[in-house]
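Structural characterization, general
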Amino acid sequence: MRNRAYMLLLGMALAFGTGWAQSNTSQQQGTSQQPASDAQQPYTGAVPAFGQDNAASVSNDNPPLSGLDQPSLEPRAAARSFLIPGAHVSQSLDTNVGSGGPHINGITRAFGSLTLQRLWSRYDAGLEYVGGGAFYPSRSVGAAQVHQLDVDQRVLWRTGQLGIRDSFSYLPEGMFGYGSYGGAGALPGLRIGGSPLGGGFGNFFGPGQFASLQQQPRLTNVSLAEIRQALSPRSTVTLAGSYGLVHFTDNSFGFVNSRQVAAQAGYNYLLSRRDQVGIAYGYQAFSYPGTSGTKFNTQLVHLLYGHRISGRMDLVLGGGPQLTELKSHSTGSSRQLSGSGRATLRYRFEKSNISLSYYRYNTSGSGFFTGAKSDVGRISYTRPINRLWEMLADVGYTHNTRIFPLFVGIPNLARIPSNTTSYSYWFAGGALRRQIGRDFSGYVGYQFNEFYFGCAAVPVPSVPSSVPPSLACGNRSQRHVGTVGLDWHPRPIRLD
């Protein structure tokens, strides 16, 4: 009797382990299968017997909070390998081109694009390139090249993955509010695994270009590697490191080049099918070539909470203290204790999508300062009006307070008035897009930008005559841009 009971328990354990392994295998192969709905996948906290064959898999519907991936809110189709070429032309009217003061100028842009996604059983690869030119009437600007290349390579195993990513750009202006290349909603970014590739991987790892004053051509690049490993059905660890740079190719006003190294380690735990908590440690190191040893580093700890409903909502809250250590040959070393954090909400309604985000991190200073405490907020809304028309609205704001004290022994390459303590930049825009036939779409968009410096309560020093009035402390630089464009996107070319 006792032997029969032992045999019965052993059979039940084997059946449970086999079923659990098959369930995980189906999730791992979800790139080629239609996933079940949230209601069809009840969460069970059961932990299988210890062993290599019963290791946990990494969830794609609720990825780790400390990782770089976001769950997709779009309806999922069977994932395939494909290639999509494209062509894009637009004409804009711009009120702020060059340094000659506010004038209405026409800007013509022409781009080609190529999007590639290639899937294997254990490897995923994605690439998106946009390249072309922007033609300004101003002699001080002329023709400008535009290049954006994003690459994402994944190596997958049943309990985790290795991701290697790179984001390169050469743009005539900053990224914040310019990602659609002069027209709101002109070019949607590539999304592989629910992760936006463009924009330098967010605010912690990226080069932190959150403002632009007129045209300042710049080269940026961020290279990043991330490892994600499941320890059990509920717990996951992540480890990521990156190197980024910003180099201004036309230093007409001496904007500050920067280098950034960042690393992050995190632990995540699923409380339920929809709720997750985590803790992350981050490190950032910023340096500025040609500034006589001016640099600083930041260490931070974040507590994280996430609430996610598959295909509908993604809420992430996180924050904690950060310690900043400043170093300069002129001023010596000092430390600052402050807070940092993030809050993001993405929600898909029946016929629309909304995205809200707020970040507070240390950044490179966007070429104006040697380091800044940056507050960055953004709201985006998209909605199809009918079968052919779609609307988009986008609003963003950033406030950046200098980390180093007033320009006392600190290089001031941009010749900003010495009592400048911060700068702010915000934009608001919208666009209407219409599908024209099967392969073409047209759009019309408008955007308003404003940039201004904040000043300390001390007398304003005289500003050198070579500095444009827009750089004077307290002055505001405003810009209006209206754009009409046409896109050509043929049907995806199947590669499998």
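Position labels on residues start from 1 in each chain and follow its written sequence. Per-residue local features of the predicted model are confined to residues with pLDDT of at least 70, and side-chain atom pairs are confined, for both listing and counting, to 80 or more; whole-chain, interface and lining totals are unaffected and use all residues. Hydrogens and water are ignored here; the side-chain numbers use all heavy atoms of the structure.

1. Concerning the nonpolar core
Phe176, Ala211, Phe368, Tyr423, Tyr425 and Phe451 are the most contacted members of the largest nonpolar core, which has 15 residues in total. Of all elements in the fold, only β9 (235-248), β16 (372-384), β18 (420-436) and β19 (440-455) reach the threshold of two or more residues within this core. It is β18 that contributes the most residues to this core, three residues altogether. If sequence neighbours within four positions are ignored, Ala211 has contacts with Gly174, Phe176, Arg218, Ser366, Phe368, Tyr423, Tyr425 and Phe451. Buried Ala, Val, Leu, Ile, Met, Phe, Trp, Tyr and Cys residues form a nonpolar core when they are joined through side-chain atoms within 4.5 Å. Accessibility here uses a 1.4 Å probe with only protein chains present; expressed as a share of the type maximum, an area under 20% marks a residue as buried, one over 50% as exposed, and anything in between as partly exposed. Counting nine residues, the second largest nonpolar core, distinct from the first, contains Leu68, Phe205, Leu300 and Tyr359. Counting from the N terminus, the helices are DSSP H or I runs at least four residues long and the strands are E runs at least two residues long. Any two residues whose heavy atoms approach within 4.5 Å at even a single point are treated as in contact.

2. Some remarks on the environment of Val97
Take Val97: it is sitting in the loop between β1 (82-94) and β2 (105-119). In this structure the C-alpha to C-alpha distance between Val97 and Ile107, which are ten residues apart in sequence, comes to 9.2 Å.

3. Considering the pattern of salt bridges
Salt bridges are identified by distance alone: a Lys or Arg side-chain nitrogen within 4 Å of an Asp or Glu carboxyl oxygen. Across all of its chains, the model carries twelve salt bridges by this definition. A salt bridge links Asp69 to Arg154, with the nearest nitrogen and oxygen atoms 3.1 Å apart. Here Arg154 lies in strand β4 (residues 143-157) and Asp69 lies in the loop between α1 (2-28) and β1, a separation of 85 residues in the sequence. Exposure class is identical for Asp69 and Arg154. Each is buried.

4. Overview of the packing of aromatic side chains
Ring geometry is summarised as follows: Phe, Tyr and Trp rings, the Trp one being its six-membered ring, pair when their centres sit within 6.5 Å, and such pairs are stacked at plane angles under 30 degrees, edge-to-face over 60 and tilted between the two. In this structure the tally under the stated criterion is 15 aromatic pairs. Aromatic side chains Phe368 and Phe451 sit 5.2 Å apart centroid to centroid with 35 degrees between the ring planes, which places their arrangement in the tilted category. With Phe368 in the loop between β15 (353-363) and β16 and Phe451 in strand β19, the pair connects residues that are 83 residues apart, well separated along the chain. Of the two residues, Phe368 and Phe451, neither departs from the other in class, the shared state being buried.

5. Structural notes on a nonpolar patch on the surface
The patches reported here contain residues having more than 30% relative accessible area and no salt bridge. Joining distances are 9 Å for like charges and 5 Å for nonpolar side chains (Val, Leu, Ile, Met, Phe, Trp, Tyr). Accessible surface is estimated by sampling points in the Shrake-Rupley manner with a 1.4 Å probe; for residues, cover comes only from the protein chains shown. Taken together, the side chains of Leu231, Tyr267, Tyr269, Leu271, Ile279, Tyr281, Val301 and Leu303 present a nonpolar region at the surface, about 710 Å² in accessible area. Taken together, the elements giving at least two residues each to the nonpolar patch come down to β10 (258-270), β11 (275-287) and β12 (295-309). As for its placement among the helices and strands, Ile279 is situated in strand β11. By relative accessible area, which is 39% here, Ile279 ends up partly exposed.

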